[in-house]
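Spelled out, the chains give:
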Amino acid sequence: MTSGTRETPVNSSPAVAANAEGEEIEVLESTDVLPVAPEDYDPDNSGFISTERFRDLLATHGSELDPHKLEVLLALADGNADGKICYQDFVNLMSNKRSNSFRRAILQGSRQLKGCSLRDEVGLGLPQRLVRHVAYETLPREVDRKWYFDSYTYCPPPWLILVITIAEVAVFMYYGFQLDRLVLQVSSPSFLKSPLPYHPQLRAQAWRYLSYIFMHTGIEHLSLNMAMQLLVGVPLEMVHGALRIGLVYVCGVLAGSLAVSVTDMTAPVVGSSGGVYALVSAHLANVVMNWSGMKCQFKLFRMAMALVCMSVEFGRAVWLRFYPPAFPPCPNPSFVAHLGGVVVGLTLGVVVLQNYEQRLQEQSLFWIFFSVYTLFVLCAVFWNIFAYSLLDVRLPPPP
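Residues numbered from 1 in each chain as written. Predicted model: local features only at pLDDT ≥ 70, side-chain atom pairs only at ≥ 80, totals over all residues. Heavy atoms only, no water.

**Points about the side chain of Glu237**
In step 1: Positionally, Glu237 belongs in helix H11 (residues 219-263).
In step 2: An unpaired buried charge is present at Glu237: no salt bridge exists, and Arg244, the closest side chain of opposite charge, is 13 Å distant.
In step 3: Discounting residues that sit within four places of it in the chain, Glu237 has contacts with Pro157, Pro158, Trp159, Leu160, Ile161, Ala242 and Ile245. (Helix = DSSP H or I, 4+ residues; strand = E, 2+ residues; numbered from the N terminus. Buried < 20%, exposed > 50% of the residue type's maximum accessible area, 1.4 Å probe, protein only. Lys, Arg positive; Asp, Glu negative; His and termini not counted. Salt bridge = Lys/Arg side-chain N within 4 Å of Asp/Glu carboxyl O. Contact = heavy atoms within 4.5 Å.)

**Overview of the nonpolar core**
In step 1: With 61 residues, the main nonpolar core has Tyr148, Tyr212, Tyr249, Val280 and Val344 as its most contacted residues.
In step 2: Every element with two or more residues in this core is listed here: helix H7 (126-138), helix H8 (142-151), helix H9 (159-179), H11, helix H12 (273-289), helix H13 (299-322), helix H14 (336-354) and helix H15 (364-390).
In step 3: Take this core: its biggest share by element is 15 residues, from H11.
In step 4: Once you skip the residues sitting within four places of it in the chain, Tyr212 turns out to touch Leu196, Pro197, Tyr198, Val253, Gly256, Ser257, Val269, Val270, Gly271 and Ala337.
In step 5: Residues Leu179, Leu196, Leu320 and Cys330 belong to the second largest nonpolar core, which totals 11 residues. (Core = buried A, V, L, I, M, F, W, Y, C linked by side-chain atoms within 4.5 Å.)

**Let's talk about the environment of Gly345**
In step 1: Relative to the helices and strands, Gly345 is located in helix H14.
In step 2: For the pair Gly345 and Ala285, spaced 60 residues apart in sequence, the C-alpha to C-alpha distance is 8.3 Å.
In step 3: Excluding anything up to four places from it in sequence, Gly345 contacts Ala278, Ser281, Ala282 and Val350.

**Overview of the confidence of the model for the protein**
In step 1: The pLDDT averaged across the protein works out to 80; a share of 73% of its residues lies at or above 70.
In step 2: Put simply, strand S2 (residues 24-28) is where the protein has its lowest mean pLDDT, 32, and helix H10 (residues 208-211) is where it has its highest, 96.
In step 3: Counting interchain partners and residues more than four positions distant, the pLDDT-below-50 stretch residues 1-33 has 58 contacts.
In step 4: Counting interchain partners and residues more than four positions distant, the pLDDT-below-50 stretch residues 107-114 has 15 contacts. (pLDDT = per-residue confidence, 0-100.)

**Quick notes on the pattern of salt bridges**
In step 1: Within this structure, the stated rule accounts for 5 salt bridges.
In step 2: For Asp144, the salt bridge is made with Arg141, and the minimal N-O distance between the two is 3.1 Å. With respect to burial, Asp144 and Arg141 carry one shared label: buried.
In step 3: In this structure, the salt-bridge partner of Glu142 is Arg145, at a minimum N-O distance of 3.0 Å. Taken together, the residues Glu142 and Arg145, both in helix H8 and 3 residues apart, mark about one turn of the helix.

**Some words on the packing of aromatic side chains**
How two aromatic rings sit relative to each other is given by the distance of their centres and the angle of their planes.
In step 1: Per the counting criterion, the structure on display carries 12 aromatic pairs.
In step 2: Ring plane angle 80° and centroid distance 6.4 Å describe the contact between Tyr148 and Tyr356, whose orientation is recorded as edge-to-face. Highlighted residues: Tyr148 in helix H8 and Tyr356 in the loop between H14 and H15, separated in sequence by 208 residues. For the pair shown, Tyr148 and Tyr356 are each scored as buried.
In step 3: Between Phe322 and Phe335 the ring centres are 6.0 Å apart and the planes differ by 45°, which places this aromatic pair in the tilted class. Of this pair, Phe322 sits in helix H13 while Phe335 is found in the loop between H13 and H14, placing the two residues 13 residues apart along the sequence.
In step 4: On the basis of relative accessible area, Phe322 is assigned to the exposed category, the value being 60%.
In step 5: Accessibility expressed as a relative area gives 16% for Phe335, which makes it buried.
In step 6: A network of ring pairs unites the aromatic residues Tyr148, Tyr152, Tyr154 and Tyr356 as a single cluster. (Phe/Tyr/Trp six-rings, centres within 6.5 Å; stacked < 30°, edge-to-face > 60°.)

What follows is the structure, encoded as structure tokens:
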């Protein structure tokens, strides 16, 4: 499906006041099919289209739309009991920028989406079946699943999680050959001499608060993280995009290292568990909160398996932290980064996953959690600058 552009009409109504004169928005091809000029369907210049006129529009041009999109538009028409549709809601809908008022119209409408379920469709190729599978894995509402199925084009592909995973494996293999060990690399005297891990003595090197994700204590650590990262991260990126999933992942990574620097002040940090646990926790919380709507197969068993994998990895990290270090007085890497990732996933991550195709800047919860997260980062930065000297913390020697 190709994209086109058109200028948003000027309207003095408050419903469309947010669109400045001459502003261009990206719209799907279907907006070029439908003649939606407000002077034709909104003669009173009110910013609304009557549902009768809207139905005439769909009856005339509906055959040129994707069938699932037509269902959504009909549900939008039937969801407005007051007999009118906000013109800007319609423009947002066709440009894949659905507003809160659109969602309420669908959920509160007196008419359910008609037609067969997306799962019942036959004759789909392998790429389409994969998209349908991902839709049922991640989205709780049929209207969202159908919308995603019609809109997703594999362009761009889910590149972010794959690139991060490949980089982590490459770094691990490089140090595996350099240190001559794959299991418990952390026991090598040269492990922490890399410029990547977070070390409390080197906390002024700001990149280490993020770059530590490319180092892992051993192949057992890497394997569990990569399995969860790929199985959960790639489908989420296919649905929500690299920008949103990258936001959750990076916030979890940064929260993990900062949480260690505040609560486990003498310990280093390695591994991508902060970002992985942010994604997995957000996804599991989204499944639980929308349990009846999630139609993925064997969801209870798979959720239990995910929790088992998370528990095994966290238990391994706790055991390693308190295991006698190979080179005292430097302790083994901390496990607190896992907890930092979980907190990010259960707050900021849930808001991101709950608002598929919604503008995050319109969600008050997003700004609340993002503000709290920003406040935590600022407090942790000041803590790292002043607390270590004020508390006279005994730090291990630099590697």
